[in-house]
Amino acid sequence: MVYLFFEVERASDGKEIVKLMDKKVSEGFFKNEEFGTAKDITNSNYKIVLMDKNNKIYKTSIIDNPLSPVFESYAKDSMEKQIGKLDKAEFFYRYNDNGNVEEIEIHKVESNTSKLVFKLKL
């Protein structure tokens, strides 16, 4: 299992800057690697793409944009979801290591457009 720990910060020009902060490898595997998303109320996600040694897509995952977290607030008779706005946040991504993953890309997906915000050879 591989855990990748990231930090993302919104620059003064609005650009999102992603940095890899740490990488940890451990024994074992995940039965379910998928993360839940709040697709029902947000249109800003990160698409994480793992590339294999042949530069082909090995796995693609969608996670919520960490700078736009979804919060639940509760009133007496209802529950509401709201989107927060942060200038800096941390997030992690995990995957099963089969020795074939060579590179990671993170794309910001918003309103059906995709922009590469991070790329790294692992």
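Preceding this paragraph is the structure being described.
Our subject in this report is the structure included herewith. Predicted, not measured: the structure shown is a model, and the values here were computed from it.

## Some details on the sheet that holds strand β8 (residues 101–110)
Here comes step 1: Spatial ordering of the open sheet is given by β4-β3-β8-β9, a layout of four strands whose pairing is antiparallel. For this open sheet the edge positions go to β4 (57–64) and β9 (113–121), each flanked by a neighbour on one side alone. Neighbour to neighbour, the strand axes of the sheet diverge by 20° on average, direction disregarded.
Here comes step 2: Sheet topology note: the strand β3 (residues 44–52)/β4 ladder contains seven bridges and is antiparallel. Bridge pairing links N45 to D64 in β4.

## Thoughts on the sheet that holds strand β1 (residues 2–10)
Sheet strands pair by backbone hydrogen bonding; their relative direction is either parallel or antiparallel.
Here comes step 1: Taken in spatial order, the three strands of this open sheet run β2-β1-β7, and their pairing is antiparallel. The open sheet is flanked by β2 (16–25) and β7 (88–95), the only strands paired with a single partner. Between one strand axis and the next, the sheet turns through 20° on average, direction left out of account.
Here comes step 2: Note: β1 against β7, eight bridges, orientation antiparallel. Across the sheet, V2 pairs through a bridge with Y95, a residue of β7.

Rules behind the numbers
Here, residues in each chain are numbered from 1, in the same order as that chain's written sequence. For this predicted model, a pLDDT threshold of at least 70 governs which residues receive local features, and a threshold of 80 or more governs which side-chain atom pairs are given and counted, while totals over whole chains, interfaces and linings are taken from all residues. Just so you know, side-chain values use all the structure's heavy atoms and leave hydrogens and water out. Note on pairing: DSSP must find at least two bridges between two strands before they are called paired. Each helix is a run of H or I in the DSSP string that is no shorter than four residues. Each strand is a run of E no shorter than two, and both are numbered from the N terminus. Helix axes are fitted only over the stretch in contact, all axes being lines through C-alpha atoms; the angle between N-to-C directions runs from 0 to 180 degrees.

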